[in-house]
Amino acid sequence: MRSWHPSLLLILMSTVSGRIIDLSHKHGPTTFMVPGFEHYNRTLVKTLIFNKDVAVETAVYSSNEHGGTHMDAPLHFYKVGMTLDNIPLENTIAEGVMIDVSDEASKNIEYKVPLSKIHAWEKQNGEIPQKAAVIFNFGWHKKFHNKFEYINTVTDDWRQIKIPSVSEEVGNFLYDSRDIKIIGVDTMSPDPMNTGSAPIHIKYLANNKLIVENLNATDSLPPRGFRFHAAPVKYVGASGAQIRAYAIVHENQEPRTKNQENRSWIILPTWCLVIILLFSHLVILL
Ligand SMILES: *[C@@H]1O[C@H](CO)[C@@H](O)[C@H](O)[C@H]1NC(C)=O
Ligand SMILES: *[C@@H]1O[C@H](CO)[C@@H](O)[C@H](O)[C@H]1NC(C)=O
């Protein structure tokens with residue numbers, strides 16, 4: 001059998017894949033951390049010089065698991081919860097929706113997303129699909145470089161931290177009625193830090209749902225029509241770790257109208273036809 005030239009396959013694949021949005025902050029020694037948490041610290045181990053252009057460098061690093069753009073594993077809040085290395089990869093990839101609450105949060109730094117906001121979003125965009133990743137854009141990722149603006153306290157007492165958050169009712173609704181996989185925020189936590197309770201962390205992590213925090217660029221996401229990716233390294237026994245979070249926006253990313261829904265049956269066969277035609281031309285070319 002004749003094998004395909006890799007670049008031709010790449011061209012074909014790129015015609016069917018969508019726009020990529022990087023949802024991660026850089027993770028470095030000055031990256032914001034919860035007060036008292038160890039920053040990222042990289043120490044050079046060895047640079048082996050081969051010649052003036054080639055040097056082989058390695059280093060060791062340490063970092064608190066719960067800083068920067070990262071994932072909480074169930075173990076983070078649940079003593080016998082799943083560790084990072086045991087999370088199935090499919091739990092970290094989900095159809096995404098973005099709920100924009102940046103206007104509300106800009107007016108009230110302790111805004112708590114109410115259930116009425118979810119109902120209003122669904123009225124406009126359709127029901128949140130099952131097994132989704134629900135990403136909240138508080139507009140807070142723009143403050144990530146400024147510790148004071150990000151947490152609204154000058155003290156190092158994390159119980160003084162003020163951030164916008166997701167209400168318990170919304171957490172329950174998304175869990176019970178929409179069976180979502182992942183909740184993601186562009187703040188340090190979907191739960192408030194200064195109330196002494198963390199209902200979303202407790203409910204989600206005890207039931208093998210995942211939480212992703214300190215996302216970047218959430219304002220670049222469409223309300224729906226993207227796949228969210230948040231796979232961490234399989235660190236053994238870990239309660240969390242930094243991730244490279246990103247989204248791939250589907251080609252047909254506009255909020256679906258009734259018309260589009262009626263026409264959607266025709267899209268897949270059309271793409272299949274296009275691909276079959278392309279392949280048959282390539283066979284002639286090769
Ligand atoms: C967040 O994303 C923006 C837009 O992609 C980028 O310019 C910025 O450098 C990112 N922030 C960090 C801390 O990486
Ligand atoms: C970083 O780690 C190295 C050793 O791994 C240690 O000597 C150094 O003190 C650490 N730096 C900070 C700022 O913690």
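Preceding block: the structure.
Everything numeric in this text was worked out from a predicted model, so none of it was measured.

Let's shift gears to the environment of Lys162. Looking at the element boundaries, Lys162 is found in the loop between helix H4 (147–151) and strand S8 (165–166). Classification of Lys162 by C-beta neighbours within 10 Å gives partly exposed; the count is 13. Separated by 30 residues in the primary sequence, Lys162 and Pro192 place their C-alpha atoms 7.2 Å from one another. Not counting residues up to four positions away in its chain, the partners in contact with Lys162 are Ile109, Glu110, Asn152, Thr153 and Asn194.

The subject of this paragraph is the environment of Glu104. Examined against the element boundaries, Glu104 turns out to sit in helix H2 (residues 102–107). Here Glu104 falls in the partly exposed class, since 16 other C-beta atoms lie within 10 Å of it.

In this model, Asp179 sits at a positive phi of 50 degrees, which is unusual for a non-glycine residue. By secondary structure assignment, the location of Asp179 is in the loop between helix H5 (168–176) and strand S9 (182–185). The partly exposed category is assigned to Asp179, around which 13 C-beta atoms lie within 10 Å. Even without being a glycine, Ala217 presents a positive backbone phi close to 55 degrees. Within the secondary structure layout, Ala217 lies in the loop between strand S10 (210–213) and strand S11 (224–229).

On to the pairing of strand S7 (residues 133–137), then. It is a general feature of regular strands that their side chains alternate between the two faces of the sheet. The element S7 is largely enclosed, with a buried count of 5 among its 5 residues. Side chains Ala133, Ile135 and Asn137 project from S7 onto one buried face, and the interleaved Val134 and Phe136 project onto a second face that is buried too. Here 5 bridges tie strand S5 (residues 93–100) to S7, and the two strands are oriented parallel to one another. Residue pairing across strands places Asp100 opposite Asn137, the latter belonging to S7. Note: S7 against S9, 4 bridges, orientation parallel.

Below, the discussion takes up the nonpolar core. A general tendency of soluble globular proteins is for nonpolar side chains to be buried together. Within the largest apolar cluster, 50 residues are counted, with the highest numbers of intra-cluster contacts made by Val134, Ile135, Phe136, Ile182, Ile183, Val212 and Phe228. Those elements that place two or more of their residues in this core are S5, helix H3 (115–125), S7, H5, S9, helix H6 (199–206), S10 and S11. Sequence-distant contacts of Ile182, defined by excluding residues within four places in its chain, comprise Ala94, Ala133, Lys209, Leu210, Val212, Phe228 and Ala230.

What follows concerns the sheet that holds S10. Read across the open sheet, the 9 strands follow the order S1-S13-S11-S5-S7-S9-S10-S4-S12; overall the sheet is mixed. The outermost strands of the open sheet, each flanked by one partner alone, are strand S1 (19–22) and strand S12 (240–242). Ignoring strand direction, the axes of neighbouring strands in this sheet form an average angle of 25 degrees.

Taken together, Asp22, His25, Lys26, Phe144, Asn216 and Ala217 form the complete shell of residues around ligand 1. Of the residues belonging to the shell around ligand 1, the class tally is 2 nonpolar, 2 polar and 2 charged.

What counts as what
Residues numbered from 1 in each chain as written. Chains lettered and ligands numbered in written order. Predicted model: local features only at pLDDT ≥ 70, side-chain atom pairs only at ≥ 80, totals over all residues. Helix = DSSP H or I, 4+ residues; strand = E, 2+ residues; numbered from the N terminus. Buried ≥ 20, exposed ≤ 12 C-beta atoms within 10 Å, placed from the backbone. Contact = placed C-beta atoms within 7 Å. Pairing = 2+ DSSP bridges. Core = buried A, V, L, I, M, F, W, Y, C linked by C-beta atoms within 7 Å. Axes fitted to C-alpha atoms, helices over the stretch in contact; angles between N-to-C directions. Near = placed C-beta within 6 Å. Nonpolar A, V, L, I, M, F, W, Y, C, P; charged D, E, K, R; others polar.

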